[in-house]
Amino acid sequence: LKATLNAFCALYGNRLISSVTKQEVETFFHRRGPGVASAGTRKVEKAHLNAVFNWAQKSDYIGDNVVAKTDKIKIKRADPVSLTIEQVREIFLCASRARYAGGYSREDKQDSGSLIPYFALAIFAALRPYEVRRAKWEDFNWEEGTINARQEKGNGYDRTVELPEVCIKWLEYVDGPKLTGDIIPKSFVKRFNVVR
């Protein structure tokens, strides 16, 4: 949010918010040129600005929220592609050997395998990324070999997923049946990027 507002204020910060037009907001979203900022980045920036303009409207600083009137930012999603056996082997090799340096605690520097559960559930059990990121070790039924995948919102469960034997073996490799709490470690994105 801070980065979005800093960039927006660099362009329009010397003016009243009520004087900013829809066209200027559109220009802001496309200021970097084609191919420089992803549609996902522009969508996040729009959400940030929309929140600010909604607040300004509720506070009677502006009459209309011009951000809400801008064109919807569409994200083109590529069709999913299956990984080859060699790619899966490489992912698990990297996830097993990943070491983290600088900016992490002593435990993190020695960490190896913290993302194995993420990859095992995503690759072998076909859980959606948000389902894996919300998962807790308590969601497993080890006797039946299943996991209750959490809904995107709320504390309910979306579906029960049967875990293939190879997935269970990888989860046992990291002592999953003995663990509690979140499956995904802190600093997930940084750790994921190291493995990637």
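Above this note sits the structure.
Residues numbered from 1 in each chain as written. Predicted model: local features only at pLDDT ≥ 70, side-chain atom pairs only at ≥ 80, totals over all residues. Heavy atoms only, no water.

### Focus on the environment of Ser-38
Within the secondary structure layout, Ser-38 lies in the loop between α2 (22-29) and α3 (39-58). Placed 38 residues apart in sequence, Ser-38 and Lys-76 show a C-alpha to C-alpha distance of 9.9 Å. (Helix = DSSP H or I, 4+ residues; strand = E, 2+ residues; numbered from the N terminus.)

### Describing the pattern of salt bridges
Following the criterion strictly, the structure yields nine salt bridges and no others. Across the pair Arg-32 and Glu-45 runs a salt bridge, and its minimum N-O distance is 2.7 Å. Of the two residues, Arg-32 is situated in the loop between α2 and α3 and Glu-45 in helix α3; the sequence distance between them amounts to 13 residues. Taking relative accessible area as the criterion, Arg-32 reaches 33% and is therefore assigned partly exposed. Taking the shortest distance from any N to any O, the salt bridge between Lys-136 and Asp-182 comes out at 2.5 Å. Of this pair, Lys-136 sits in the loop between α7 (129-134) and β1 (140-141) while Asp-182 is found in the loop between α8 (165-173) and α9 (188-195), placing the two residues 46 residues apart along the sequence. (Salt bridge = Lys/Arg side-chain N within 4 Å of Asp/Glu carboxyl O. Buried < 20%, exposed > 50% of the residue type's maximum accessible area, 1.4 Å probe, protein only.)

### Looking at the pairing of strand β2 (residues 146-150)
Of all five residues in β2, four are buried; the element is thus mostly enclosed. As paired strands, β1 and β2 are joined by two bridges and run antiparallel to one another. Residue pairing across strands places Phe-140 opposite Ile-147, the latter belonging to β2. Remark: four residues form the turn of the hairpin made by β1 and β2, two consecutive strands paired antiparallel; Gly-145 in that turn has positive phi of roughly 70 degrees. (Pairing = 2+ DSSP bridges.)

### Looking at unusual backbone geometry
In this structure, Ala-126 is a non-glycine residue whose phi angle is positive, near 60 degrees. With respect to the secondary-structure elements, Ala-126 resides in the loop between α6 (116-124) and α7. At Ser-187, a residue that is not glycine, the phi angle is positive and equals roughly 55 degrees. Mapped onto the elements, Ser-187 comes out in the loop between α8 and α9.

### Some details on the packing of aromatic side chains
Where two aromatic rings form a pair, the distance of their centres and the angle of their planes describe that pair. Per the stated rule, a full pass over the model turns up 17 aromatic pairs. Relative to Phe-140, the ring of Trp-137 has its centre 5.5 Å away and its plane inclined at 25 degrees; by these criteria the two rings are stacked. In this structure Trp-137 comes out as buried when scored by relative accessible area, which is 5%. A relative accessible area of 8% places Phe-140 in the buried class. (Phe/Tyr/Trp six-rings, centres within 6.5 Å; stacked < 30°, edge-to-face > 60°.)

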